[in-house]
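Summary of the model geometry
What follows is the residue order along each chain.
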Number of protein chains: 2
Amino acid sequence: MFLDKEYLFTPGPTPIPNRVNVAMSKPMIGHRSAAFPVLLEDVSTRLQPIFGSANPVCIISGSGTGALEAAAVNTIEPGDDVVVIVGGAFGDRFAKICEAHGANVHRLQVELGKACQPEQLEDFIKSADKNFKAVFATYCETSTAVIHPIKELGEVTKRVSDALFIVDGVSCIGGVPADMAGWNIDILVSGSQKALMLPPGLAFVAVNDHAKDVIKNNKSNRFFFDLNRYFDAYDQKRSTPFTPAVSLIYGAQEVCQMIEEEGLENVIKRHDLLKTMTREGVRALDIPLLTSDEIASPTVTAVKPEGGNANEMRKMMLDQFRISLAGGQQQLSGEIFRIGHMGYCTPYDVLTVLSALEMTVKAMEGRDVLGLATRRAQEVWAEHV
Amino acid sequence: MFLDKEYLFTPGPTPIPNRVNVAMSKPMIGHRSAAFPVLLEDVSTRLQPIFGSANPVCIISGSGTGALEAAAVNTIEPGDDVVVIVGGAFGDRFAKICEAHGANVHRLQVELGKACQPEQLEDFIKSADKNFKAVFATYCETSTAVIHPIKELGEVTKRVSDALFIVDGVSCIGGVPADMAGWNIDILVSGSQKALMLPPGLAFVAVNDHAKDVIKNNKSNRFFFDLNRYFDAYDQKRSTPFTPAVSLIYGAQEVCQMIEEEGLENVIKRHDLLKTMTREGVRALDIPLLTSDEIASPTVTAVKPEGGNANEMRKMMLDQFRISLAGGQQQLSGEIFRIGHMGYCTPYDVLTVLSALEMTVKAMEGRDVLGLATRRAQEVWAEHV
């Protein structure tokens with residue numbers, strides 16, 4: 001259908017800026033050459049403010065799930081008791097990873113579309129009366145488009161336990177604030193293909209000194225994801241223990257450049273604007289949202305059309321209007337569709353997706369809503385200028 | 001120094017063809033879109049002849065070491081006895097991976113620069129008198145530029161044991177023949193950044209049906225590298241269990257196209273020619289090679305200058321003549337340098353590296369050898385036309 005312009009609004013992968021593609025096309029270099037340590041140190045340190053990390057960010061070749069596994073397998077040992085906050089598919093994945101490595105997983109189940117309240121976590125930890133090794137949380141639960149109150153959950157974790165606080169930031173880091181020290185986060189992980197504007201293939205792991213000590217003494221079976229090997233290679237030679245994904249790291253360097261040029265604070269403000277434009281636009285069409293405003297993610301919005309025709313709407317958006325959205329996962333399958341608005345995304349992109357949604361509503365329901373959502377989103381934008 | 005042309009002759013990463021860069025710059029697609037299964041099936045099946053595999057090749061986001069770990073952690077369990085043929089740094093890595101996962105590793109140590117003889121393996125297995133779960137072998141030991149007789153080692157493994165035969169093909173697959181069924185290979189793994197002309201970041205794992213059965217029943221702790229998850233996702237939806245490195249897979253599709261256009265047999269012949277040109281050229285300069293002809297790799301050549309000035313020569317090649325080579329690893333550090341000639345490499349590239357070597361010899365030793373190596377390599381080329 002018309003040209004080859006792609007309208008990718010999935011919450012990962014996300015569109016790649018052309019200058020990032022160009023950077024990734026640089027001539028290949030050997031990872032044992034003099035150029036590589038310079039590149040690695042540059043990127044690892046420029047990622048620090050994005051992760052709010054006091055230490056350079058560790059870069060692993062792999063997907064975001066690899067980063068989750070690295071966080072788990074380096075900290076827990078078989079038989080350890082851990083808390084996993086499960087508010088959707090990715091909390092569930094964290095739990096499954098911990099189970100796969102032999103932990104006794106205590107699932108703090110959160111209603112889908114809701115955030116974990118700090119009191120919930122406090123009660124859960126206190127009533128379990130275990131010596132928890134770690135609390136695993138999800139910053140943005142991609143499957144429900146919910147932002148969990150990480151700062152407050154970190155405060156509780158440290159006040160009522162000695163557990164590590166380990167956070168999955170895959171679908172939001174780069175579009176939201178992060179402050180590991182201020183928020184008591186010991187490990188914060190992310191992937192490349194979300195707000196960080198890269199193709200999938202890099203896993204990022206930011207680790208504070210306390211977690212580094214724990215990791216040093218951890219005895220679990222691991223090799224590729226053994227973070228001690230990454231720390232040693234970085235400290236000794238600004239290198240990686242295994243062949244790094246050089247082209248993607250060149251891309252990450254360009255992403256750091258772009259974020260610095262826009263200014264990290266402005267990037268975060270832009271994501272907030274994209275969220276509000278999207279939500280207000282959808283509301284202007286009288287279509288319900290899954291989540292309330294206070295816990296809505298700046299990077300992805302979950303739409304819950306009445307009558308459960310989420311999949312039909314998504315299908316029409318794709319087939320007739322060439323807009324790629326994501327469906328619901330697990331129990332939310334067919335109940336919601338999700339609009340990703342992160343990374344290489346501008347207010348015009350939100351107007352684009354909303355205009356397609358208007359046309360879809362008109363075609364499916366006969367309601368003439370053309371212009372309503374985009375107009376409301378423009379108003380929001382104008383207020384923010 | 002002059003322009004930005006890169007002369008990368010390391011045995012991985014290797015130069016990337018421009019058309020592969022272009023393919024990797026295609027607009028990003030969602031991995032749950034309709035387009036992705038088509039892409040994944042296309043690449044997984046077109047890799048089959050390159051791996052000599054009866055089954056589609058499993059594609060994991062990660063480095064070659066990730067592929068080695070996937071092969072190990074899916075087949076062995078803590079306490080299992082395994083044989084690892086160790087003829088250099090990468091055999092050693094396979095052994096360390098198996099140890100990290102709790103196996104009792106029996107190292108069949110092979111002299112550096114030599115290949116493991118089938119009789120050696122036979123004696124080793126028989127005299128150990130263990131019920132070995134697997135024999136791990138390295139097809140091309142990158143650190144010594146030796147090709148091990150995989151077909152013969154596979155024959156022995158199956159004749160005198162019930163072990164799986166698991167082969168590291170990282171630094172040669174795509175430049176050498178492979179026949180999993182004919183050579184009794186149960187699992188053959190490789191990485192993207194060697195003869196397969198891609199940036200680092202993809203791990204390939206080809207598995208036969210027998211190994212699939214073993215993997216299905218394996219109980220080791222694993223998640224990201226759990227091959228059952230990959231088999232299930234592929235069988236059910238032509239998908240991957242975790243976000244795939246889409247851009248690299250687009251690149252792999254273009255690589256398959258290039259190999260098919262040249263013809264896999266011609267690709268293999270080309271690598272053989274590159275090897276012979278390189279070796280004959282070096283010999284024409286009276287510089288010794290580490291390995292004998294019968295076991296010399298078609299993808300990488302190890303040069304062992306007398307007087308142990310390998311590092312000096314390599315440094316001059318880089319600093320004065322802009323040629324990136326690799327040094328020796330572990331005990332061979334300072335003893336050898338290695339010339340990679342695989343993937344996106346033509347006979348002209350060999351003439352390039354040899355011309356630099358001539359100038360280096362003249363500058364360091366005062367011997368006027370200009371033209372000697374390239375002339376001999378041209379003769380070899382002419383004989384093969």
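Residues numbered from 1 in each chain as written. Chains lettered and ligands numbered in written order. Predicted model: local features only at pLDDT ≥ 70, side-chain atom pairs only at ≥ 80, totals over all residues. Heavy atoms only, no water.

1. Focus on the relation of the copies chain A and chain B
With an RMSD of 0.0 Å, the operation that places chain A on chain B is a rotation of 180° combined with a shift of 0.0 Å along the axis. What we have between these two chains is a two-fold relation. Taking C-alpha positions as reference, the residue of chain A nearest the rotation axis is A:G62, located at 2.3 Å. Interface overlap between copies: 100% of the residues of chain A at the interface are likewise at the interface in chain B, consistent with a symmetric, same-surface contact. (Least-squares fit on C-alpha atoms with pLDDT ≥ 70 in both. Contact = heavy atoms within 4.5 Å.)

2. Here we look at unusual backbone geometry
Residue and element names in this part refer to chain A. With omega at -10°, the peptide bond leading from G12 into P13 counts as cis. The phi dihedral of M197 falls on the positive side, at around 65°, and the residue is not glycine. Mapping M197 onto the fold places it in the loop between β9 (187–191) and β10 (202–207). In this structure M197 comes out as buried when scored by relative accessible area, which is 4%. (Helix = DSSP H or I, 4+ residues; strand = E, 2+ residues; numbered from the N terminus. Buried < 20%, exposed > 50% of the residue type's maximum accessible area, 1.4 Å probe, protein only.)

3. A word on the UniProt feature "domain: Aminotransferase class V" (unreviewed entry) in chain A
UniProt's feature table lists "domain: Aminotransferase class V" (unreviewed entry) at residues 7–330 of chain A, given in the numbering used throughout. Within the segment residues 7–330 of chain A, helix and strand shares are 42% and 16% respectively, and the terminal C-alpha atoms sit 25 Å apart. (UniProt positions renumbered as here; feature names shortened; annotations may be inferred.)

4. Remarks on the packing of aromatic side chains
What the rule picks out here adds up to 19 aromatic pairs over all chains. Between A:F224 and B:F225 the ring centres are 5.6 Å apart and the planes differ by 75°, which places this aromatic pair in the edge-to-face class. Of the two residues, A:F224 is situated in the loop between α8 (209–217) and α9 (227–237) and B:F225 in the loop between α8 (209–217) and α9 (227–237); the pairing between them involves two chains. By the burial criterion, A:F224 is buried, and B:F225 matches it. Judged by relative accessible area, B:F225 falls into the buried class, the value being 4%. A connected cluster of aromatic rings, assembled from ring pairs, spans A:F223, A:F224, A:F225, A:Y230, A:F242, B:F223, B:F224, B:F225, B:Y230 and B:F242. Across from the ring centre of A:F231, 4.6 Å away, lies the NZ or CZ of A:K212, which sits over that ring. (Phe/Tyr/Trp six-rings, centres within 6.5 Å; stacked < 30°, edge-to-face > 60°. Lys NZ or Arg CZ within 6 Å of the ring centre and 35° of its normal.)

5. Quick notes on the side chain of B:S161
All names here are of chain B. Locating S161 in the fold gives a position in the loop between α7 (150–160) and β8 (164–168). Judged by relative accessible area, which is 13%, S161 ranks as buried. A distance of 2.7 Å separates the side chain of S161 from the backbone oxygen of T157, its partner in a polar contact. Polar side-chain contacts of S161 include one of 3.1 Å to the backbone nitrogen of A163. Residues in contact with S161, not counting those within four places in the same chain, are I125 and V156. (Polar contact = N/O pair within 3.5 Å; in protein donor to acceptor, adjacent residues only side chain to side chain.)

6. Digging into the sheet that holds strand β14 (residues 337–340) of chain B
All names here are of chain B. A sheet is described by the order of its strands in space; here 3 strands give the open sequence β11-β14-β13, paired in antiparallel fashion. Two strands bound the open sheet, and with one partner strand each, they are β11 (300–303) and β13 (326–327). Pairing between β13 and β14: 2 bridges, direction antiparallel. Looking at β14, one finds that G327 is bridged to F337. (Pairing = 2+ DSSP bridges.)

7. A short note on the interface of chain A and chain B
Counting residues at the interface gives 46 residues for chain A and 46 residues for chain B. Of the roughly 3400 Å² buried at the junction of chain A and chain B (both faces included), carbon and sulfur atoms supply 66%. Contact with chain B buries surface across chain A, with A:M28, A:F223 and A:F224 losing the most and accounting together for 18% of the total. The interface formed by chain A and chain B contains 0 salt bridges. (Buried area = accessible area lost by both parts, 1.4 Å probe. Salt bridge = Lys/Arg side-chain N within 4 Å of Asp/Glu carboxyl O.)

8. Observations regarding the UniProt feature "binding site: substrate" (unreviewed entry) in chain A
All names here are of chain A. As annotated by UniProt and renumbered to match this structure, "binding site: substrate" (unreviewed entry) occupies R338. When you line up the elements, R338 lands in strand β14 (residues 337–340). Contacts of R338, omitting those with residues within four sequence positions, involve F9, P11, T142, S143, V300, T301, A302, L325, A326, G327 and Q329.

9. Quick word on the pattern of salt bridges
If you walk through the whole model with that rule in mind, you get 54 salt bridges over all chains. Between A:R238 and A:E41 there is a salt bridge, with the nearest N and O atoms lying 3.3 Å from each other. Highlighted residues: A:R238 in the loop between α9 and α10 (246–262) and A:E41 in helix α2 (residues 35–46), separated in sequence by 197 residues. Given the relative accessible area of 27%, A:R238 is considered partly exposed. Residue classification places A:E41 among the partly exposed residues on the basis of a relative accessible area of 32%. A salt bridge links B:R367 to B:E365; the nearest nitrogen and oxygen atoms lie 2.8 Å apart. By relative accessible area, B:E365 is classed as partly exposed at 39%. Within the structure, one salt-bridge network assembled from shared partners comprises A:R279, A:E280, A:R283, A:D293, A:R375, A:R376 and A:E379.

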